[in-house]
Amino acid sequence: MSQTYLTTEELSERIKYDARTIRNQLKDSVLLEGVHYFRPFGGRKILYVWEKIEADMFKAPAIDTLMMGIH
């Protein structure tokens with residue numbers, strides 16, 4: 001199975017969110033390590049799995065809803 005790996009900046013371009021928003025608000029609340037992203041070779045660099053993110057974008061509540069605590 002082929003997957004598309006993206007840096008934070010590349011993901012930012014695709015989903016039209018600022019890279020800082022991805023790092024500070026989405027990562028570890030909506031985007032989960034081991035599901036949506038990983039750290040290759042145990043390093044600091046983060047790679048996002050586009051196919052997982054794209055699939056979950058349409059079934060997850062909006063980030064604004066999550067931030068307000070409304071489910």
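Conventions adopted
- Residues numbered from 1 in each chain as written.
- Predicted model: local features only at pLDDT ≥ 70, side-chain atom pairs only at ≥ 80, totals over all residues.
- Heavy atoms only, no water.
- Helix = DSSP H or I, 4+ residues; strand = E, 2+ residues; numbered from the N terminus.
- Buried < 20%, exposed > 50% of the residue type's maximum accessible area, 1.4 Å probe, protein only.
- Polar contact = N/O pair within 3.5 Å; in protein donor to acceptor, adjacent residues only side chain to side chain.
- Axes fitted to C-alpha atoms, helices over the stretch in contact; angles between N-to-C directions.
- Left-handed = near helix turned anticlockwise from the far one by under 90°.
- Contact = heavy atoms within 4.5 Å.
- Nonpolar A, V, L, I, M, F, W, Y, C, P; charged D, E, K, R; others polar.
- Salt bridge = Lys/Arg side-chain N within 4 Å of Asp/Glu carboxyl O.

Enquirer: Would you mind showing me how to read the side chain of His36 here?
Expert: Secondary-structure assignment places His36 in the loop between helix H2 (19–26) and strand E2 (37–38). What makes His36 buried here is its relative accessible area of 4%. Of note is the side chain of His36, whose polar atom sits 2.6 Å from the side chain of Asp56.

Enquirer: Where do I start with the packing of helix H1 (residues 8–15) against helix H3 (residues 50–57) in this structure?
Expert: The packing of two helices is summarised by the inter-axis angle and the distance between the axes. Contact pair H1 / H3: the axes reach a minimum separation of 12 Å and the direction vectors enclose 35°. For the pair H1 and H3, the crossing hand works out as right-handed. Contact residues: Leu11, Arg14 and Ile15 in H1; Trp50, Ile53 and Met57 in H3. Residues that form the contact of H1 with H3 fall into these classes: five nonpolar, no polar and one charged.

Enquirer: Looking at this structure, how should I read the pattern of salt bridges?
Expert: Any two side chains of opposite charge can pair, so long as their charged atoms come close to each other. With the rule as written, the count across this model stands at five salt bridges. In this structure, Arg20 engages Asp18 in a salt bridge whose closest nitrogen and oxygen atoms are separated by 3.1 Å. We note a salt bridge from Asp28 to Lys27, for which the minimum N-O separation is 3.0 Å. Judged by its relative accessible area of 17%, Lys27 falls in the buried class.

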